[in-house]
Amino acid sequence: RFTARRPLVYTTQTVTNLMDDIGAKDCIEGDISVRVRASFDNTEKELHSAGDHVVELTVTNAVNDKETLKIPVRVTEESPRSDQIPLTDYLIYLDKGSGFDPRSFLTEEATMAIYGDEEDHGRDWTDPLEIISTVDTSKAGVYTADYNLIRNEQITASTRLIVVIV
């Protein structure tokens, strides 16, 4: 299975770090990250332009078992400031039909930074965290949950969780 060490959200200048953030684990050999290869739907040069791109990851273990996964990679003009919304994972696998709660992937640090002490909020309090999820656990596929931190009606930080339903 593939892993992501951090969110796959980059600026046009930092997207070259993509392969540093992707890994793979195998039930036989353990960490086989050095064998991960990436190919791009268009050209690697286009990956440096802002937008959502698809990258195909491939890895093969020592007994020639091959795993392939197409994942979305977001490239932005400005820093997404993903470090302001740390998650416990950035690429997860769930069984078809299982439950999915995107808030359960927020670290305790993120929860405290975003919400602080909930008792401090009055009745007119608005949740500063917007989560936009395409996850459908009834169908196998690759989905995303985008987390946006909104302050003064502006997105100030953004991160992404990739969810693979198997």
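Above this text sits the structure in question.
No experiment lies behind these values; they were computed from the predicted model shown.

Once that is clear, we can look at the side chain of Ser82. With respect to the secondary-structure elements, Ser82 resides in the loop between strand S7 (66-76) and strand S8 (91-94). Those residues in contact with Ser82, other than ones at most four positions away along the chain, are Pro7, Val9, Ser158 and Thr159.

Within the open sheet, the four strands sit side by side as S8-S11-S10-S9. Their pairing is mixed. Either end of the sheet is taken by a strand with one partner, and the two such strands are S8 and strand S9 (129-133). Each strand of the sheet is rotated relative to its neighbour by a mean of 25°, with strand direction disregarded.

Our next topic: the sheet that holds strand S6 (residues 51-60). In spatial order, the strands read S2-S7-S6-S5; together these four strands make up an open sheet with mixed pairing. Each of the sheet's edge strands pairs with one partner strand only, and the pair in question is strand S2 (9-11) and strand S5 (37-40). For this sheet, the mean inter-axis angle between neighbouring strands, taken without regard to orientation, is 35°. As paired elements, S5 and S6 share four bridges and run antiparallel to each other. Its bridge partner lying in S6, Phe40 is registered against Val55.

Reading the values: the criteria
- Residues numbered from 1 in each chain as written.
- Predicted model: local features only at pLDDT ≥ 70, side-chain atom pairs only at ≥ 80, totals over all residues.
- Heavy atoms only, no water.
- Helix = DSSP H or I, 4+ residues; strand = E, 2+ residues; numbered from the N terminus.
- Contact = heavy atoms within 4.5 Å.
- Pairing = 2+ DSSP bridges.
- Axes fitted to C-alpha atoms, helices over the stretch in contact; angles between N-to-C directions.

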